[in-house]
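Below, each chain spelled out in residue letters.
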Amino acid sequence: MFLEKVKDTIKRYNLIAKGDRVLVGVSGGPDSLALLYLLNDLKRALDLKLHIAHLDHCLREDSRGDRIFVEGLARKLKLPVTTAGINVRQLAKRGGSLEEIARNARLGFLFKAAKDTKSAKIALGHNLDDQAETVLMRILRGAGLYGLSGISPKRKIRGYEIIRPLIETRRSEIEAYLKKKKIKPRIDKSNLEDIYFRNKIRNRLLPLLEKEYNRNIREVLSNMAQSLGCDYDYLLRCAERRIKGSRSGLNLRRLKKLHPALQRLMLRMSIAKVKGDTRRITFQHIKEIEDLIYNRPVHSIVDLPKGVSVVKSKSYLSFFRKAKSSINT
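What this report covers is the structure whose coordinates are included nearby. (Residues numbered from 1 in each chain as written. Predicted model: local features only at pLDDT ≥ 70, side-chain atom pairs only at ≥ 80, totals over all residues. Heavy atoms only, no water.)

**Looking at the overall build of the protein chain**
Just so we agree on the cut-off: Secondary structure elements are defined from DSSP: runs of H or I of at least 4 residues count as helices, runs of E of at least 2 residues count as strands, and each element is numbered from the N terminus. Just to be clear, the radius of gyration here is over C-alpha atoms, and the globule rule we use is 2.2 Å times residues to the power 0.38. Three labels apply to residues, based on accessible area from a 1.4 Å probe with only protein chains included: buried if under 20% of the type maximum, exposed if over 50%, partly exposed otherwise in between. Here, two residues are considered to be in contact whenever any of their heavy atoms come within 4.5 Å of each other. To measure how exposed things are, a 1.4 Å probe is used in the Shrake-Rupley method; for residues, cover is taken only from the protein chains shown. Positive charge is attributed to Lys and Arg, negative charge to Asp and Glu, and no charge count is given to His or to the chain ends. Charge positions come from single atoms, namely NZ of Lys, CZ of Arg, CG of Asp or CD of Glu.
A tally of helices and strands in the protein chain yields 14 helices and 10 strands. Rg of the C-alpha trace for the protein chain: 22 Å, near the compact-globule value of 20 Å for 329 residues, within the 12% margin. For the protein chain, the C-alpha atoms occupy an extent of roughly 70 × 45 × 40 Å along the three principal directions. Counting every position in the protein chain, which comprises 329 residues, the buried fraction comes to 43%. The long-range share in the protein chain, meaning contacts at least 24 apart out of those at least 6 apart in sequence, stands at 66%. Only carbon and sulfur atoms are counted for the fraction: they give 51% of the accessible area of the protein chain, which is about 18,800 Å². Computed over 70 positive and 35 negative side-chain charges, the inter-centroid distance for the protein chain is 6 Å.

So this is what it looks like as structure tokens:
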């Protein structure tokens, strides 16, 4: 049942094709372990070339044990493995959220490992429960359509495809699969503590909603993310067609004629083009740019996080990033 369900997800979203070279992110926990064993079972039928990747964030005293465990697992399955360690707490002293720094460190490691191993795809073990937690977190933080679309089954970043074959599978199904195969994962005890926002959602809010309001809340949130993701994808394609080839910025006359949904998406895309992403860009930032477009005089400027500025000329809205030296002064 578990295997067939994941196969359906892989087929529905076209996550894996025959002959693919796939880098598998393995922490040693239940989700990534189940993903690895599942892909290893499919390896022969799909002629897959698998390579394991493990990053030690050095956040726990026993984290080195995870690395040793994954290396031993690679030997057992006769699969190549790349491991590394990054002291995330040390990096966090320079400023920034510990969670965001850990995420960026992991992505950077995975992209480098994918490049070194010539893997076009990176498989991660996010499941349906992770999806529900993510959507609920973003609702509480006030996300838009993109944020509420949650964790995509497949997303292209920096030329690599991030795939999540377990995204429609419950955590309980994963645990049952491992138990049946007599596979014992490593357990991160910090997930049981309400230290981080996600842990509070997982350990307190979701169980409350499940018990008191809707016992299928996880599936409801996951289905909502899937539906909104489809809507967002359509809007994104419409916006991409309109923004294509706009080297001088966004033409104000044309921009004003568009529906606000497309306008806002094009603003975010333009910001991402110079900033690299839209992290820390809030709804209030977008509203301020809209005020710049419709109410403020020519040559007015809106400053955004990470040194990004938006300038209004007579005919265009231009986006640029200040030099680092000027940001620090």
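**Brief notes about the packing of helix α12 (residues 260-275) against helix α13 (residues 283-294)**
The geometry of a pair of packed helices is captured by two quantities: the angle between their axes and the separation between those axes. Rule in force here: All axes are obtained by fitting lines to C-alpha atoms, using only the stretch in contact for helices, and the reported angles, taken between N-to-C directions, cover 0 to 180 degrees. Any angle between 65 and 115 degrees counts as roughly perpendicular, while under 35 counts as roughly parallel, over 145 as roughly antiparallel, and the rest as oblique. In the scheme used here, Gly and all other residues not listed as nonpolar or charged are polar, with Ala, Val, Leu, Ile, Met, Phe, Trp, Tyr, Cys and Pro taken as nonpolar and Asp, Glu, Lys and Arg as charged.
Their axes nearest at 11 Å, the elements α12 and α13 cross at an angle of 105°. Viewed along their axes, α12 and α13 adopt a mutual orientation that is roughly perpendicular. Counted together, Gln263, Arg264, Leu267, Arg268 and Ile271 of α12 and Phe283, Ile286, Lys287, Ile289, Glu290, Ile293 and Tyr294 of α13 form the full contact between these two elements. Of the residues belonging to the contact of α12 with α13, the class tally is seven nonpolar, one polar and four charged.

**What about the environment of Pro297?**
Within the secondary structure, Pro297 sits in the loop between α13 and β8 (301-304). Separated by 15 residues in the primary sequence, Pro297 and Lys312 have C-alpha atoms spaced 7.8 Å apart.

**Considerations on helix α9 (residues 197-212)**
To be explicit about the condition: Helix span, as expected, comes to 1.5 Å for every residue beyond the first. Bend is the name given here to the angle between axes fitted to two runs of seven residues, the run ending at a residue and the run starting at it.
With 16 residues, α9 extends 21 Å between its outermost C-alpha atoms, agreeing within 8% with the 22 Å of an ideal straight helix rising 1.5 Å per residue. Helix geometry: α9 is bent most strongly at Leu205, by close to 35°, with proline Pro207 lying one to four residues after it. On its buried face, α9 sits against α6 (128-141), α8 (171-180) and α10 (217-243).

**So, the packing of aromatic side chains**
So the rule is basically this: When the centres of two rings from Phe, Tyr and Trp lie within 6.5 Å, Trp using its six-membered ring, the rings pair. Their planes under 30 degrees apart give stacked, over 60 give edge-to-face, and anything left gives tilted.
Throughout the structure, instances matching the rule amount to three aromatic pairs. With a centroid separation of 5.1 Å and an interplanar angle of 50°, the aromatic rings of Tyr146 and Tyr232 are classed as tilted. Residue Tyr146 is found in helix α7 (residues 145-148), and its partner Tyr232 is found in helix α10; the two are separated by 86 residues along the sequence. When its relative accessible area of 38% is taken as the criterion, Tyr146 is described as partly exposed. For Tyr232, a relative accessible area of 15% corresponds to the buried category.

**Thoughts on the sheet that holds strand β9 (residues 308-312)**
Consider a sheet: its strands pair through backbone hydrogen bonds, and that pairing is either parallel or antiparallel. Rules: When DSSP locates at least two bridges between a pair of strands, those strands are taken to pair.
Reading across from one edge, β7-β10-β9-β8 is the order of the four strands in this open sheet, with antiparallel pairing throughout. Edge strands, defined here as strands with exactly one partner in the open sheet, are β7 (250-251) and β8. Of the strand pairs in this sheet, β8 and β9 are connected by four bridges, and their pairing is antiparallel. Its bridge partner being in β9, Ile301 is matched across the sheet by Val311. Docked against the sheet, α12 engages β7, β8, β9 and β10 (316-321), running at close to 30° with respect to β10.

**Focus: the sheet that holds strand β3 (residues 81-85)**
Taken in spatial order, the six strands make up an open sheet running β3-β2-β1-β4-β6-β5, and their pairing is mixed. If you trace the sheet from one side to the other, it starts and ends with β3 and β5 (154-157), each paired once. Going from strand to strand, the sheet's axes swing by 25° on average, the running direction of each strand aside. Judged from the five bridges that link them, strand β2 (residues 49-56) and β3 form a sheet pairing that is parallel. Looking at the pairing, His54 lines up with Thr83 of β3. Its contacts with the sheet put helix α3 (residues 63-77) on β2 and β3, and the angle it makes with β2 is roughly 165°.

**Remarks on the pairing of β8**
Walk down a regular strand and you will see the side chains alternate between the two sheet faces. Only one face of β8 is buried, namely the one carrying Val302 and Leu304, since none of Ile301 and Asp303 on the opposite face is buried. Where β8 hands over to β9, the hairpin turn is made up of three residues, of which Lys306 adopts a positive phi near 65°.

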